[in-house]
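Chain residues, written in single-letter form:
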Number of protein chains: 2
Amino acid sequence: MEKYEVFRSLAIIIIAAKFFGLCARKLKAPQVVGEIVAGLIVGPSILGLVGYSDFLGYMAEIGVMLLMFTAGLETRISDLRKTGFKALLIACAGVFIPLACGTVLYMAFYGFAPWGDEEFYKALFVGLILTATSVSITVQTLKELGKISEFVGTTIVSAAIIDDVIGILVLTIVIGIKDPAQDISSTFLMSGLFFLVSLVFGYLFYRVFKRIDKRWPHTRRIPIIGLALCYVMSYCAQKYFGVADITGAYVAGVILSSLDDSTYISRKMDINSYMIFGPVFFASIGLQTDIKSVDPSILLFSLCFVLVGLLSKIIGCGAMSRVCGFKGRDCLKIGIGMMTRGEVALIVAQRALSVGALSGAYFTSVIFLIVVSSILTPIFLKILYSDKTPKAEVVTDTTS
Amino acid sequence: MEKYEVFRSLAIIIIAAKFFGLCARKLKAPQVVGEIVAGLIVGPSILGLVGYSDFLGYMAEIGVMLLMFTAGLETRISDLRKTGFKALLIACAGVFIPLACGTVLYMAFYGFAPWGDEEFYKALFVGLILTATSVSITVQTLKELGKISEFVGTTIVSAAIIDDVIGILVLTIVIGIKDPAQDISSTFLMSGLFFLVSLVFGYLFYRVFKRIDKRWPHTRRIPIIGLALCYVMSYCAQKYFGVADITGAYVAGVILSSLDDSTYISRKMDINSYMIFGPVFFASIGLQTDIKSVDPSILLFSLCFVLVGLLSKIIGCGAMSRVCGFKGRDCLKIGIGMMTRGEVALIVAQRALSVGALSGAYFTSVIFLIVVSSILTPIFLKILYSDKTPKAEVVTDTTS
C-alpha cells in the first residue's frame, strides 16, 4: 500500500462517521451509534469502500487507549475508593452469570454434557465468550451525555475493568484445566502484581507530575508526558502482566486524575480522540464485520446467544447493583452499561478455536452480539438518562 | 506485530523527542532539531530501540500532511498572490542551479561525459536528486519562531511547493528522454490541471465552509470537515494528478485560510500534530537512517555532495530572491529555508536506481544530505531570525 492511500480510508471514515453521527443525533440517538453504523455501511458488509487494514487496527487501538485514558482522567478517586468493593461484586456477577447462562444455552441447543466431556468444554467456552464487557462504547456514550464523572459512571467503568481481569483469570483456568501445560498461578500472580505495581509507581508518578505541573502549569509538556505515561502503562500491562492494554491506559488516567491540570490533559486528549482516532475506532467495529459472510446455519442459535448475552449481563450486574444498594434506575444503567461486548469476545472465541474447543461458525454469533450490543447500549443509556435529566440534552449539543 | 506493540514505539519516540527537544532548546536550537536527533539516537544508528515500520511510516505521513495543512491555514492569501511570481522564479533557480551543480560535481569526480552517454545520465540523476526541497522542517522551524505567516515565510513555502512540481516535471522529462515509453506531456498536463481544479473546487469548498462556519461557528464539525477536505485533497493530488500529497494538504489549508475560524481549525490541528504525529514524523527522519550501514567508499564524494547540495540551493534561491527585490538577510533566509532535503530526494534516488542510472551506494550521500540539512536549517534559520528580532525568543517559550 502506498503511503498516501491511508488518506483515502481516513477521509471516507471521517466523512461517513460524521455524517451518520449527525443522523444519529437527529434521531435522538448518541453519535457513537452513527459512527459504528458508518463502519458497517462503508465496510465490506454493504458498500465495500474501505477494508479493515493493519494500519486501521493500530489507529483503532490508539483510539480506544485514548478513550480509556480520558475516562481515567475524569474519574474521581474518592468515588473509585467508595465504589471499589461494589464494583468488584458487580464484576463478579457480570462474569459468572453470563458464564453460567452461556454454558446452559449451548447445552440446551446441543444436549447436556457432563463435566470433563469435550462437549462440556465447548459449552463452557460459549459461556466464556459472554463474560468480557467492552466498556469503550459505554464510556463514549457517558461522555457524550456528560455523565462519565458521576458515581454510576465510575462504578460501571471500574466494574468493567475488574470484569476484564476476572474474565482473563477464568479463561486461563478453563484453558489450564483443559491443557495442564498452562500455568494458572502465574496468571493470578501477575494480575495481582499489576495493580500492586500500579499503586506504588502510580503514587511516585503522581508526585513527579504534581511537581512538573506546579512548576510549568498549562504547558504542552504536561499532556505530552501524560500521554507517554499512558503508552508505557498500556504496553507494560499487556506485555509484562498479561492485563489488557486499555486497563493500563485507564489506570494511567486515574493516576493523573487528581492533578490540577487533569482537565487540561483530558481536553487535549479529547481533541486527538474526536478528530482522528475516535471515528476510526468506532467505525472499525463496523468495518471488521462482514454481514454477507455470516454462517446462516446457526442463525437461530445466534439469536438466542445475543439475547442471553445481553440479558445475562443486565440481570447479573443489575441485580448485584441492587444488592450493593443502588436505586432501581441506576441498577438498570449499570446493567445496560456492562452489556456491550467488543473484540475481547472475539479474542476468547479465537482462543477457543485454537485449542479446538469451538468451530469457526460461532464467530457469526459473536459478531452479532458485538454489533447489536454496541448499537443498543448507547440508545438504551440515553433513554435511561434523558428521562430524568433533561440537562443531558444540552451537554450533547455543545460538545458536537 | 501485536497491536499493543505500537505503544512501545510511540512511548520511546515521544519521550526521546520531548527530551532531546528540550535539550535543543537549552542549547538555543529549535526543538525540531532535537526531535530529529532523537530519532537518530533511538533508531538503528545508535541504540536500536525502535525500528522503522510501516505503521510509523503512515503516522509520519499523516504528521507531515498535518504540518503542511496548518502551514496552508496560516497563509495570507494576499501574500500568496503578491509572492506568486517571485516564488515561481525562486523555485526555478532552486531547481536548475542544484541540477547543474550536481551534474558537474559527478563529472568532476568520475570524468566528463557527453550528452546521451550512460555516464551523462548518471551525472544528471545526481543533479536531479539535489532539486527537491523538503519544506516540512522549515515550516516547523518558522512555526516555532512565530514567523510562518510573514511574507518571507509564505515565499519560502510557496516556492518549495512550486519547486516540488517543477522537480517532478524535470524528473519525468529526464526519465522520458532515457525511456521514450514514458509520457511526458500528460505529466505536464496533469500538474497544470491540478492547480486549475484546485482553484475551481477550492472556491466552491470555500463558499460551502463559509456558510457552515457562519451557521455553526466554533463547533467540532468545522475542523473535522476541514481535516476531511485535507485528506481528500492529499489523496487526489497524488493519486489522480501525480502531485505530492503534501502539496494537496497545503492547498487545502490555503482554501480554508480566509475563514473566520481558520485559527480555530489550525489550533486543533496543531494539538494533533505536536501531541502525536509531529514527533513521529521528525523522529522518523532519524529512524530511517542507519549510519552504521553507510558505504565508506564514497565518503569523500558524499561530503562534496552535501556541500554542493546545500550551497547550490542557498546561492540559487538566495540570488534569485535578490533579483526579486528581497533584502540581504531575507535572501539568506529564503536560501537557507529552501536547502532542506527530505524523502523526495530518496524517492528520486530510488527512481534512478530502478531505471539503472545510479548504484545503491549513492544512498549514503543522499542520507547524509537529508540528515545534515535537516539539522542545520533550523539552527541557521533561528540565528538569522533571532539577531534582529529578540521577540522570537518569547514566542518559542510560550508555545512549548
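Cut-offs and rules
- Residues numbered from 1 in each chain as written.
- Chains lettered and ligands numbered in written order.
- Predicted model: local features only at pLDDT ≥ 70, side-chain atom pairs only at ≥ 80, totals over all residues.
- Heavy atoms only, no water.
- Patch = residues over 30% accessible without salt bridge, like charges linked within 9 Å, V, L, I, M, F, W, Y side chains within 5 Å.
- Areas by Shrake-Rupley, 256 points an atom, 1.4 Å probe, with all protein chains shown as cover.
- Salt bridge = Lys/Arg side-chain N within 4 Å of Asp/Glu carboxyl O.
- Lys, Arg positive; Asp, Glu negative; His and termini not counted.
- Charge placed at Lys NZ, Arg CZ, Asp CG, Glu CD.
- Helix = DSSP H or I, 4+ residues; strand = E, 2+ residues; numbered from the N terminus.
- Buried < 20%, exposed > 50% of the residue type's maximum accessible area, 1.4 Å probe, protein only.
- 1 Å grid on protein atoms, 1.4 Å probe; cavity = no way out; pocket = protein on both sides within 12 Å on 5 of 7 lines; lining within 4 Å.
- Points joined across faces, edges and corners; volume = space filled by probe spheres on them.
- Least-squares fit on C-alpha atoms with pLDDT ≥ 70 in both.
- Contact = heavy atoms within 4.5 Å.
- Phe/Tyr/Trp six-rings, centres within 6.5 Å; stacked < 30°, edge-to-face > 60°.
- Lys NZ or Arg CZ within 6 Å of the ring centre and 35° of its normal.
- Axes fitted to C-alpha atoms, helices over the stretch in contact; angles between N-to-C directions.
- Left-handed = near helix turned anticlockwise from the far one by under 90°.
- Nonpolar A, V, L, I, M, F, W, Y, C, P; charged D, E, K, R; others polar.
- Buried area = accessible area lost by both parts, 1.4 Å probe.
- Polar contact = N/O pair within 3.5 Å; in protein donor to acceptor, adjacent residues only side chain to side chain.
- Disulfide = S-S within 2.5 Å.
- Parallel < 35°, antiparallel > 145°, perpendicular 65-115°, else oblique.
- pLDDT = per-residue confidence, 0-100.

Points about a positive patch on the surface
- On the surface, Lys26 and Lys28 of chain A together with Arg207, Lys210, Arg211, Lys214 and Arg215 of chain B cluster together to form a positively charged patch.
- If one sorts the elements of the positive patch by residue count, helix 8 (residues 184-215) of chain B sits on top with five residues.
- A relative accessible area of 75% means that Lys26 of chain A is categorised as exposed.

A closer look at empty space enclosed by the protein
Residue and element names in this part refer to chain A.
- Counted according to the given criterion, the structure contains two cavities of 30 Å³ or more.
- As a volume, the largest cavity reaches approximately 50 Å³.
- Considering the residues around the largest cavity, the lining is formed by Met68, Thr133, Val135, Ala160, Ile161, Asp164, Ile246 and Thr247.
- When contributions to the lining of the largest cavity are tallied by element, the ones reaching two or more residues are helix 7 (151-178) and helix 10 (245-256).

Quick look at the relation of the copies chain B and chain A
- Aligned on chain A, chain B shows an RMSD of 0.0 Å; the corresponding rotation is 180° and the shift along the axis is 0.0 Å. Here the symmetry operator amounts to a two-fold rotation axis. Every residue of chain B has its C-alpha some distance from the rotation axis, and the shortest such distance is that of Asn272 of chain B, at 2.7 Å.
- Counting the interface residues of chain B, we find that 100% of their copies in chain A are interface residues as well, pointing to one common contact surface.

A word on the packing of aromatic side chains
- For the structure on display, the rule yields 34 aromatic pairs over all chains.
- Centroid distance Phe7 of chain A to Tyr231 of chain B: 6.2 Å. Interplanar angle 25°. Geometry classified as stacked. Of the two residues, Phe7 of chain A is situated in helix 1 (residues 5-26) and Tyr231 of chain B in helix 9 (residues 221-241); the pairing between them involves two chains. By the burial criterion, Phe7 of chain A is buried, and Tyr231 of chain B matches it.
- Taken together, Tyr106, Phe109, Tyr110, Phe301 and Phe305 of chain A form an aromatic cluster joined through their ring pairs.
- In this structure, Arg221 of chain A is placed above the aromatic ring of Trp216 of chain A, and the distance from its NZ or CZ to the ring centre is 4.5 Å.
- A cation over an aromatic ring shows up here: Arg220 of chain B above the ring of Tyr274 of chain A, its NZ or CZ 3.8 Å from the ring centre.

Structural notes on the pattern of salt bridges
Residue and element names in this part refer to chain A.
- In this structure the tally under the stated criterion is 12 salt bridges over all chains.
- Residue Lys143 is joined to Asp270 by a salt bridge in which the shortest nitrogen-to-oxygen separation is 2.8 Å. Taken together, the residues Lys143 in helix 6 (residues 136-145) and Asp270 in helix 11 (residues 262-287) connect sequence positions 127 residues apart.
- Put simply, Glu150 and Lys147 hold a salt bridge, and the shortest N to O gap is 3.7 Å.

Digging into the packing of helix 3 (residues 54-73) of chain B against helix 10 (residues 245-256) of chain B
All names here are of chain B.
- The contact between helix 3 and helix 10 brings their axes to 6 Å, and the two run at 35°. For helix 3 against helix 10, the interelement crossing comes out right-handed. Contact with helix 3, carried on its side by Glu61, Val64, Met65, Met68, Phe69, Ala71, Gly72 and Leu73, involves Asp245, Ile246, Ala249, Tyr250, Ala252, Gly253, Val254 and Leu256 of helix 10 and no other residues of that element.
- In terms of residue class, the contact of helix 3 with helix 10 is made up of 12 nonpolar, two polar and two charged.

Examining the interface of chain B and chain A
- Counting from both sides, the interface comprises 49 residues of chain B and, opposite them, 49 residues of chain A.
- Here chain B and chain A share an interface that buries about 5,000 Å² over both sides, 74% of which is from carbon and sulfur atoms.
- Of all residues in chain B, Phe7, Tyr58 and Arg220 of chain B give up the largest surface area on contact with chain A, accounting jointly for 15% of the area buried on that side.
- Applying the counting rule to chain B against chain A returns two salt bridges.
- Where chain B meets chain A, there are two residue pairs in polar contact (both at pLDDT 80 or more).
- Where the side of chain B that touches chain A is concerned, the elements lending two or more residues are helix 1 (5-26), helix 3, helix 9 and helix 11 (262-287) of chain B.

Side note on a nonpolar patch on the surface
Residue and element names in this part refer to chain B.
- Judged by side-chain polarity, Leu199, Val200, Phe201, Tyr203, Leu204 and Phe205 come together as a nonpolar surface patch covering roughly 630 Å² of accessible area.
- Mapped onto the elements of the fold, Leu204 is located in helix 8.
- Under the relative-accessibility criterion, Leu204 is labelled partly exposed at 48%.

Regarding the environment of Phe368 of chain A
- Note that Phe368 of chain A resides in helix 15 (residues 363-388).
- Non-local contacts of Phe368 of chain A, meaning those with residues more than four positions away in its chain, are made with Leu299, Ser302, Val306 and Ser373 of chain A.

Some details on the state of the cysteines
- Counted under the stated rule, the structure contains zero disulfides over all chains.
- Distance from the sulfur of Cys92 of chain A, which forms no disulfide, to the nearest cysteine sulfur (Cys324 of chain A) is 10 Å.
- Of all cysteine sulfurs, the one in Cys230 of chain B lies closest to Cys236 of chain B, which takes part in no disulfide; the gap is 12 Å.
- Taking the relative accessible area as the measure of exposure, Cys236 of chain B reaches 25% and is therefore partly exposed.

A short note on the packing of helix 4 (residues 77-110) of chain A against helix 12 (residues 299-323) of chain A
All names here are of chain A.
- Look at helix 4 against helix 12: their axes get within 8 Å of each other, and the N-to-C directions meet at 150°. Considered as vectors, helix 4 and helix 12 are oriented roughly antiparallel to each other. With respect to the hand of their crossing, helix 4 and helix 12 are arranged in right-handed fashion. Of helix 12, the residues touching helix 4 (which contributes Leu89, Ile90, Ala93, Gly94, Ile97, Pro98, Cys101, Gly102, Leu105, Tyr106, Phe109 and Tyr110) are Leu300, Phe301, Cys304, Phe305, Val308, Ser312, Lys313, Gly316, Cys317, Met320 and Ser321.
- For the contact of helix 4 with helix 12, a count of residues per class yields 17 nonpolar, five polar and one charged.

Observations regarding the side chain of Ser198 of chain B
- Here Ser198 of chain B lies in helix 8.
- Apart from residues no more than four positions distant in its own chain, Ser198 of chain B is found in contact with Tyr203, Met233, Val251 and Ile255 of chain B.

What to know about the confidence of the model for chain A
- Overall, the predicted model of chain A reaches an average pLDDT of 84, with 95% of residues at or above 70.
- Taken together, the chains of this predicted complex give a pTM of 0.82 and an interface ipTM of 0.81.

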